[in-house]
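The residues making up each chain are set out below.
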Amino acid sequence: MFAVNSETEANPTPGGATPETSRAQIETRDLHLHYGPVHVLKGISFDISRHTVTALIGPSGCGKSSYIRCLNRMNDFIGGTRVEGQILIEGADICGPGVDVIDLRRRVGMVFQKPNPFPMSVYDNVAYGPRLFGEKNRDVLDGIVRKSLEAAALWDEVRDRLPASGTGLSGGQQQRLCIARAIATAPDILLMDEPTSALDPMSTARIEELVRDLRRSFTVVIVTHNMQQAARIADRTAFFLLGELVEYDDTLKIFTSPDDKRTEDYITGRFG
Amino acid sequence: MAETGTRKQLEADMSDLKRMVLRLGMMSGDALSRAVRALEKGDASPARAVIDGDDELDDLTERIGEGCMAFTARHQPLGQDLRTVVSIIHIATDLERVGDYGVNISRTVLGLEDRPLLKPLIDIPRMAELLLEMLNRALVAFDVGDAETARKLFIMDEQIDALEKQVLRELITMVLERTERLEQAFMLLNVARTLERAGDHLTNIAERVVYMYTGKMARASDYKTPRGRQ
Ligand SMILES: Nc1ncnc2c1ncn2[C@@H]1O[C@H](COP(=O)(O)OP(=O)(O)O)[C@@H](O)[C@H]1O
Ligand SMILES: [Mg+2]
């Protein structure tokens, strides 16, 4: 990757890519994470490209959630964490002390395992982020709410009940509401931590379809324990084990003929 | 790290599938070698037995296909398991085809109706012997996961091809000497061609076995001696 960059800078393509767009959107460089004495991530390095879906798979406790929490500095909420190494988003390190964490979280949205709509109306759930960032104009907010709900494939189901409570929706609808809320602040990157593990198969299928569509506008990084799900929706798949990134490749390759024996053993259910 | 119960079930189901493939392989090889022996000896009754046995071969192939479908629905296999179950479907088709060739040759034997052969067969039985050897090696490689042995089949298939050409040369000479031999020469040439195709199917199987166990596509043509350098 570094070699590719220096090459691009040395021979700029006429009218073509600047170094900013030719490099990967998320570059993780030898990332280490400690929770107090526990060494949770042990030298993670890989690149994630724009407008792709990347699945993180691996047994429970291998550090998938910890990793994506690094991408929007959610680990800051946990006392005693220490981060070493770098994560560059659009070329800028986000791990350092000088980072505007609020703006980072606007650019890197997150959807959690359990749908967690705020106890307020559907409308206010989606408008929450934009309002937080200072948007007061009702027309503008109306537009954002509608566009976000449409993008989350929820608009048709809730257009007549925008004032109703978000918590009154079905589980699958609540999760799509959370996705609408995450995209309302116009992020570049969407993180999803097992977003369908609390949902029934139909709702899961809708979210999966949605994720495939979202990748046209966003870069999606999704943690899933469901390998068939990863195979269905991800362009690239990263296999984590005991805090290490064992293998990262095209999804098809990972699930048909991975290079690493540990990956093979995991996907064929020999452990995990 | 402990194997899970699901993994044990998967392995049990997989070994059932493999056993069916091995059985199909033995039946196909049997059909082919019995057909060629019937031709050699001009004996119609084993030829008839081969033709009658074909239904059983077809049934088993079908059951393997169904078994693979059930296996996939049940285990949603990935990695080597996925490669194996997909390979098994292909391998079963190739084996069934080899069995069909045994039937084709048997029909030819019945068509001879006790007329003696032009000459004692030499190269055709040799082809059959070599094919049987290839088949046995392919089945062992399939069973124990020996990609190296599977790759050796690519070379053996070259010998089959060479023998077919040898048969052709000999038959041409015989026909040039006495044109009334044409009909039988044509028939024998057909048999040789059929056996050559059986070799191609066994080569396919070997390619599948390599893919199953290594995840890499092996092309027999990459291993064969380039033309003009034989
Ligand atoms: N807040 C925390 N404090 C201390 N240890 C934690 C915390 N969160 C996670 N861990 C530990 O970090 C490791 C990785 O956990 P996690 O990232 O949640 O894994 P995964 O998402 O792959 O299941 C585990 O050993 C877990 O116990
Ligand atoms: Mg987790």
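Our subject is the structure that appears above.
Residues numbered from 1 in each chain as written. Chains lettered and ligands numbered in written order. Predicted model: local features only at pLDDT ≥ 70, side-chain atom pairs only at ≥ 80, totals over all residues. Heavy atoms only, no water.

## A closer look at the nonpolar core
Part 1 of the reasoning: Counting 68 residues, the largest nonpolar core has Leu39, Ile64, Ile124 and Leu195 of chain B as its most contacted members.
Part 2 of the reasoning: Mapped by element, the contributors of at least two residues to this core are α1 (5-41), α3 (54-75), α4 (79-112), α5 (123-144), α6 (147-177) and α7 (182-214) of chain B.
Part 3 of the reasoning: Of all the elements, α7 of chain B adds the most residues to this core, at 15 residues.
Part 4 of the reasoning: Aside from chain neighbours lying at most four places away, what touches Leu39 of chain B is Val109, Leu112, Leu117, Leu121, Ile124, Met187, Leu188 and Val191 of chain B.
Part 5 of the reasoning: By size, the runner-up hydrophobic cluster in this structure holds 46 residues, among which are Val53, Ala127, Ile179 and Met227 of chain A. (Core = buried A, V, L, I, M, F, W, Y, C linked by side-chain atoms within 4.5 Å. Buried < 20%, exposed > 50% of the residue type's maximum accessible area, 1.4 Å probe, protein only. Helix = DSSP H or I, 4+ residues; strand = E, 2+ residues; numbered from the N terminus. Contact = heavy atoms within 4.5 Å.)

## Things to note about the sheet that holds strand β4 (residues 81-89) of chain A
All names here are of chain A.
Part 1 of the reasoning: If you walk across this open sheet you meet the 4 strands as β2-β1-β4-β5, and the pairing is antiparallel. The outermost strands of the open sheet, each flanked by one partner alone, are β2 (38-48) and β5 (92-93).
Part 2 of the reasoning: In terms of strand pairing, β4 meets β5 through 2 bridges, oriented antiparallel. Across the sheet, the residue bridging to Leu88 is Asp93, located in β5. (Pairing = 2+ DSSP bridges.)

## Some points on the side chain of Asp13 of chain B
Residues and elements named next belong to chain B.
Part 1 of the reasoning: Assignment of secondary structure puts Asp13 in helix α1.
Part 2 of the reasoning: Of the residues examined, Asp13 reaches a relative accessible area of 14% and is grouped as buried.
Part 3 of the reasoning: Of the polar contacts made by the side chain of Asp13, one reaches the side chain of Arg74; its length is 2.5 Å.
Part 4 of the reasoning: Leaving out residues up to four positions away in the same chain, Asp13 has contacts with Phe71, Arg74 and His75. (Polar contact = N/O pair within 3.5 Å; in protein donor to acceptor, adjacent residues only side chain to side chain.)

## Side note on the pattern of salt bridges
For side chains bearing opposite charge, pairing can occur when the charged atoms are close.
Residue and element names in this part refer to chain A.
Part 1 of the reasoning: In the structure shown here, the tally under the stated rule is 37 salt bridges over all chains.
Part 2 of the reasoning: Arg206 serves as the salt-bridge partner of Glu157, at 2.8 Å between the closest nitrogen and oxygen. Within this pair, whereas Glu157 is found in helix α7 (residues 155-158), its partner Arg206 is found in helix α9 (residues 201-214), the two being separated by 49 residues in sequence.
Part 3 of the reasoning: According to the relative accessible area criterion, Arg206 is partly exposed, its value standing at 35%.
Part 4 of the reasoning: Where salt bridges share partners, they join Arg23, Glu27, Arg29 and Asp47 into one cluster. (Salt bridge = Lys/Arg side-chain N within 4 Å of Asp/Glu carboxyl O.)

## So, the site of ligand 1
All names here are of chain A.
Part 1 of the reasoning: The immediate surroundings of ligand 1 are formed by Tyr35, Val40, Pro59, Ser60, Gly61, Cys62, Gly63, Lys64, Ser65, Ser66, Arg69 and Ile78.
Part 2 of the reasoning: Contact distances for ligand 1 include 3.0 Å between an oxygen atom and a backbone N or O atom of Gly63.
Part 3 of the reasoning: For ligand 1, an oxygen atom lies 2.5 Å from a polar atom in the side chain of Ser66.
Part 4 of the reasoning: For ligand 1, whose free accessible area comes to 550 Å², the fraction covered by protein is 62%.
Part 5 of the reasoning: Counting residues per element, the shell around ligand 1 draws most heavily on helix α3 (residues 64-71), at 4 residues.
Part 6 of the reasoning: Across the shell around ligand 1, the residue classes break down as 5 nonpolar, 5 polar and 2 charged. (Near = heavy atom within 4 Å. Areas by Shrake-Rupley, 256 points an atom, 1.4 Å probe, with all protein chains shown as cover. Nonpolar A, V, L, I, M, F, W, Y, C, P; charged D, E, K, R; others polar.)

## Some thoughts on the pairing of strand β8 (residues 219-223) of chain A
Strand residues, when the strand is regular, have side chains that alternate between the two faces of the sheet.
Residues and elements named next belong to chain A.
Part 1 of the reasoning: Where burial is concerned, most of β8 is hidden: 5 out of the 5 residues are buried.
Part 2 of the reasoning: Residue alternation in β8 divides its side chains into two sets, Thr219, Val221 and Val223 and Val220 and Ile222, and both sets are buried.
Part 3 of the reasoning: Summarising the sheet, strand β3 (residues 53-57) and β8 pair through 4 bridges and their orientation is parallel. Considered in β8, the bridge of Ala55 is made with Ile222.
Part 4 of the reasoning: Regarding the hand of the β-α-β motif, the stretch spanning strand β7 (residues 189-193), α9 and β8 is right-handed. (Right-handed = clockwise from strand over helix to strand, strands pointing away.)

## Points about α6 of chain B
Part 1 of the reasoning: With 31 residues, α6 of chain B should cover 45 Å at 1.5 Å per step; its first-to-last C-alpha distance of 47 Å lies within 8% of that length.
Part 2 of the reasoning: Structurally, the start of α6 of chain B carries an N-cap: the backbone nitrogen of Glu148 of chain B is 3.1 Å from a side-chain oxygen of Asp146 of chain B. (Expected span 1.5 Å × (residues − 1).)

## Brief notes about a negative patch on the surface
Residue and element names in this part refer to chain B.
Part 1 of the reasoning: Judged by side-chain charge, Asp52, Asp55, Asp59, Glu62 and Glu66 come together as a negatively charged surface patch.
Part 2 of the reasoning: Here the negative patch gets 4 residues from one element, more than from any other, and that element is α3.
Part 3 of the reasoning: Since its relative accessible area comes to 46%, Glu66 is described here as partly exposed. (Patch = residues over 30% accessible without salt bridge, like charges linked within 9 Å, V, L, I, M, F, W, Y side chains within 5 Å. Lys, Arg positive; Asp, Glu negative; His and termini not counted. Charge placed at Lys NZ, Arg CZ, Asp CG, Glu CD.)

## Details of the sheet that holds strand β9 (residues 236-241) of chain A
All names here are of chain A.
Part 1 of the reasoning: If you trace the 6 strands from one edge of the open sheet to the other, you get β6-β7-β8-β3-β9-β10, paired in mixed fashion. Two strands close off the open sheet at either side, each with one partner strand: β6 (108-111) and β10 (244-250). Averaged over neighbouring strand pairs, the angle between their axes works out to 20° when direction is ignored.
Part 2 of the reasoning: Lying over the sheet, α3 contacts β3, β6, β7, β8 and β9, oriented at roughly 155° with respect to β7.
Part 3 of the reasoning: Strands in contact with α9 are β3, β7 and β8; relative to β7, the strand with the most contacts, it is inclined by about 160°. (Axes fitted to C-alpha atoms, helices over the stretch in contact; angles between N-to-C directions.)

## Re the packing of helix α6 (residues 138-151) of chain A against helix α8 (residues 171-183) of chain A
All names here are of chain A.
Part 1 of the reasoning: Interhelical geometry of α6 versus α8 gives an angle of 130° and a closest axis separation of 8 Å. Here α6 lies oblique to α8, going by the angle between them. In the crossing of α6 with α8, the sense of the turn from one axis to the other is right-handed. Note on element contacts: α8 touches α6 through Leu177, Ala180 and Ile183, opposite Ser148, Leu149 and Ala151. (Parallel < 35°, antiparallel > 145°, perpendicular 65-115°, else oblique. Left-handed = near helix turned anticlockwise from the far one by under 90°.)

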